Amino acid sequence: MNKAELIEYIAEQADLSKLSATRALEAMIGAVQTTLKDSGSVAIVGFGTFAVTKRAAREGRNPRTGAAIKIKAAKVPKFRPGKGLKDALN
């Protein structure tokens, strides 16, 4: 499912126009991004938790040349599924 299909699904399920569904989805994505940017986490009970973790600097290899390169430390988003989501899949 891509973003357009998700918007269509939300519009049908919530009895909204596609424009309203788009705005709702964009607001949700924006809220998650803003919270993660401030090093917070977003927990949606029954669905899961979005959080930020830090990845340490490390040494990697250039796949073309095989030369060693330094990879900078970075913050990366993580998603941990909740019990409700896990139960729905199994």
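Check the entry above for the structure.
Here goes a summary of the coordinates provided. (Residues numbered from 1 in each chain as written. Predicted model: local features only at pLDDT ≥ 70, side-chain atom pairs only at ≥ 80, totals over all residues. Heavy atoms only, no water.)

### With respect to the pattern of salt bridges
Phase 1 of the analysis: On inspection of all chains with the given rule, the structure shows three salt bridges.
Phase 2 of the analysis: Two residues, Glu26 and Lys3, come together in a salt bridge whose shortest N-O distance is 2.3 Å. Separated by 23 residues along the polypeptide, Glu26 in helix α2 (residues 18-37) and Lys3 in helix α1 (residues 3-13) bring together distant segments of the chain.
Phase 3 of the analysis: A relative accessible area of 41% places Lys3 in the partly exposed class.
Phase 4 of the analysis: Between Asp87 and Lys83 there is a salt bridge whose closest N-O contact spans 2.8 Å. Taken as a pair, Asp87 and Lys83 lie in helix α3 (residues 83-89) at a separation of four residues, close to a single helical turn.
Phase 5 of the analysis: Overall, the relative accessible area of 46% leaves Asp87 in the partly exposed class. (Salt bridge = Lys/Arg side-chain N within 4 Å of Asp/Glu carboxyl O. Helix = DSSP H or I, 4+ residues; strand = E, 2+ residues; numbered from the N terminus. Buried < 20%, exposed > 50% of the residue type's maximum accessible area, 1.4 Å probe, protein only.)

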